[in-house]
Amino acid sequence: MSRPITVLLVDDHPVVRDGLHGMFAASPEFEVLGEASGGEEAVAMAERLDPDVVLMDLRMPRGDGVAAIGELTRRGLRCRVLVLTTYDTDADVIPAIKAGATGYLLKAALRDELFEAVRAAALDRTVFSPSIATRLFTEVRTPAPRERPLSARELDVLTLVAKGTTNREIARTLFISEATVKTHLTHLYAKLDATDRAAAVAAAYDRGILKPP
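This is a predicted model, so every value here is computed, not measured.

Turning next to unusual backbone geometry. Its identity is not glycine, yet D124 carries a phi of approximately 65 degrees, on the positive side. Inspection of the secondary structure assignment puts D124 in the loop between α5 (111-122) and β6 (127-128). Assessed through its relative accessible area of 44%, D124 is described here as partly exposed. The phi torsion at D193 lies on the positive side, around 55 degrees, for a residue other than glycine. Along the chain, the position of D193 falls in the loop between α9 (178-192) and α10 (197-207). When its relative accessible area of 68% is taken as the criterion, D193 is described as exposed.

Quick look at the structure:
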C-alpha cells in the first residue's frame, strides 16, 4: 500500500482548519502534518515538515498566501501549493498562479473535488475550479489591447510633467495654451491608462517610454 499524501493546512480561521483536518483525517489516503494560521508560519512549517501538498488560503493577517507561495517557490521546497479560498477575482487568482501555485480551488468545492484536487497537486498536476478555469481561458484567448503610441507633442508634455513642470510652465515652454496642455494630458491619461500625472509618469517609465535620468 502506498504512503498517504501528506498535507499542511493554512487558514487564519480555526473552524475552517478544524473542518479540513477532520475531513482529511477521516481518509487513510491523507495525513495532516500540521496547521498554520498565516503565511509566515506556513513557510516555516513547510520547510520543517516537508508536506506533499500545502492547502493555502490567500488573505490572512499574519502573512498573506501569495507572498507565502512565492517564498516557498523561492526556497525550492518540493511541496505543491493548492490555493483554497473564497476569493475568485483576477487580482487574487493571477498573482497566486504567478507566485507558483499548482492549483486554485474555491471553498465552495465538494469534499470529493477537494480530495481529487489534492491528489492532482501531489502529482504536480494543475487543477482549477471550473469558474477559475473559464476565467483564465477567456483571458488567454482575449487579445491584449494594442498600445496607442504617443504623439511627439504628447511626449514633450509628458517629459516636462516627469520633471515636475506645472501646466503653466509647460504652456510657456512649448508655446501653447494651458487649455492645450490639459487636452494633451487627457490624451496621455487615456493612452497610459492613468488617472493623474504621477500615474502617467510611472506608467511611462514602466513601459520604457521615458528613460530614468
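With that settled, consider the packing of aromatic side chains. This structure, assessed with the given rule, holds 3 aromatic pairs. The interplanar angle of 80 degrees and the centroid separation of 5.1 Å between the aromatic rings of F24 and F30 together place this pair among those described as edge-to-face. Ring centres 5.2 Å apart and planes at 35 degrees place the aromatic pair F24 and F115 in the tilted group. Taken as a pair, F24 in helix α1 (residues 14-25) and F115 in helix α5 lie far apart in primary sequence, 91 residues in all. For the pair F24 and F115, a shared accessibility class is recorded, and that class is buried. The aromatic ring of Y87 is capped on one face by R59, whose charged end is 3.7 Å from the ring centroid.

Cut-offs applied
Residues numbered from 1 in each chain as written. Predicted model: local features only at pLDDT ≥ 70, side-chain atom pairs only at ≥ 80, totals over all residues. Heavy atoms only, no water. Helix = DSSP H or I, 4+ residues; strand = E, 2+ residues; numbered from the N terminus. Buried < 20%, exposed > 50% of the residue type's maximum accessible area, 1.4 Å probe, protein only. Phe/Tyr/Trp six-rings, centres within 6.5 Å; stacked < 30°, edge-to-face > 60°. Lys NZ or Arg CZ within 6 Å of the ring centre and 35° of its normal.

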